[in-house]
Amino acid sequence: MVQALRRLPSPRLTGLGAGLFAAAAMLVVGFLDWLVLDGSPLAFGLLFLPVSALTALWVRTADLVTAPIAVPIAFAVGVVPIAGGSGGFGGQAMAVVTALAVHAGWLYGGTLIAGIIASVRKVREMGRRRRRPAGPAGPKPAGPGGPKPTAAPARRNPAAPRDRRPAP
């Protein structure tokens, strides 16, 4: 099982890329759910959970905070095809709001999954940084064989203009 998981792709998406991935995936899931299962909320919710997990797993470490933010937006985008509104834009908008309220449990569950995965990844990254030794440019202890302290750099006059450009 572990070997099968290691063979899966491990892309590193930016925050925007992760949001676009999640929104596109949920829109496709919503349209397929509408076509095949006539808008089954159970199927949509069950497929939302792995999309949430993949979004949190595939986002870059620097953009981990975006995963729990992008996932609810993707849910709202994906629920549009299965909302089933009628009567123009107003009816469709009310159907989407109603679907979001009725299926809030799936929405909270997927957001919780993305938040937990992102938090665990962040804690593991912080632990790796703490264990990582200082490189060759790291501070060296001062002592008999260590570097000698140098004088502080000269300070610039704060009243002096910072950018002197010749007049045209």
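1. Topic: helix α4 (residues 67-78)
End to end, α4 covers 16 Å across 12 residues, agreeing with the expected 16 Å (1.5 Å per residue, within 8%). Residues of α4 that are buried include every one of Ala 67, Ala 70, Val 71, Ala 74, Phe 75 and Gly 78, and no others. In a view along the axis of α4, the buried residues occupy a sector of 145°, so they form one face of it. Across α4 from its buried face, at more than 90 degrees, point the exposed residues Ile 69 and Ile 73. Packing partners of the buried residues in α4 comprise α2 (15-36), α3 (41-58), α5 (80-83), α6 (88-102) and α7 (104-131).

2. A word on the packing of α3 against α4
A pair of packed helices is captured by two measures, namely the crossing angle of their axes and the spacing between those axes. With their axes 10 Å apart at the nearest point, α3 and α4 run at an angle of 150° to one another. The pairing of α3 with α4 is recorded here as roughly antiparallel in orientation. Handedness of the α3/α4 crossing: right-handed. Mapping the contact onto sequence places Phe 44, Phe 48, Ser 52, Thr 55 and Ala 56 in α3 and Ala 67, Val 71, Phe 75 and Gly 78 in α4. By residue class, the composition of the contact of α3 with α4 is 6 nonpolar, 3 polar and no charged.

3. Considering the packing of aromatic side chains
According to the stated counting rule, one finds 4 aromatic pairs in the structure shown. Between Phe 31 and Trp 34 the ring centres are 6.4 Å apart and the planes differ by 70°, which places this aromatic pair in the edge-to-face class. With Phe 31 and Trp 34 both in helix α2 and 3 residues apart, the pair spans about one turn of that helix. Measuring from ring centre to ring centre gives 4.8 Å for Phe 48 and Phe 75, while their planes differ by 70°; the resulting arrangement is edge-to-face. Residue Phe 48 is located in helix α3, and its partner Phe 75 is located in helix α4; the two are separated by 27 residues in the primary sequence. Since its relative accessible area comes to 0%, Phe 75 is described here as buried. Counting every residue linked through ring pairs, the aromatic cluster contains Phe 44, Phe 48 and Phe 75.

4. Brief notes about the packing of α2 against α4
Interhelical geometry of α2 versus α4 gives an angle of 30° and a closest axis separation of 8 Å. Between α2 and α4, the interaxial angle falls into the category roughly parallel. Crossing angle aside, the handedness with which α2 passes α4 is right-handed. Contacts between α2 and α4 pair Gly 19, Ala 22, Ala 23, Met 26, Leu 27 and Gly 30 from the former with Ala 70, Ala 74, Phe 75, Val 77 and Gly 78 from the latter.

Cut-offs used in this document
- Residues numbered from 1 in each chain as written.
- Predicted model: local features only at pLDDT ≥ 70, side-chain atom pairs only at ≥ 80, totals over all residues.
- Heavy atoms only, no water.
- Helix = DSSP H or I, 4+ residues; strand = E, 2+ residues; numbered from the N terminus.
- Expected span 1.5 Å × (residues − 1).
- Buried < 20%, exposed > 50% of the residue type's maximum accessible area, 1.4 Å probe, protein only.
- Arc of directions from axis to C-beta.
- Contact = heavy atoms within 4.5 Å.
- Axes fitted to C-alpha atoms, helices over the stretch in contact; angles between N-to-C directions.
- Parallel < 35°, antiparallel > 145°, perpendicular 65-115°, else oblique.
- Left-handed = near helix turned anticlockwise from the far one by under 90°.
- Nonpolar A, V, L, I, M, F, W, Y, C, P; charged D, E, K, R; others polar.
- Phe/Tyr/Trp six-rings, centres within 6.5 Å; stacked < 30°, edge-to-face > 60°.

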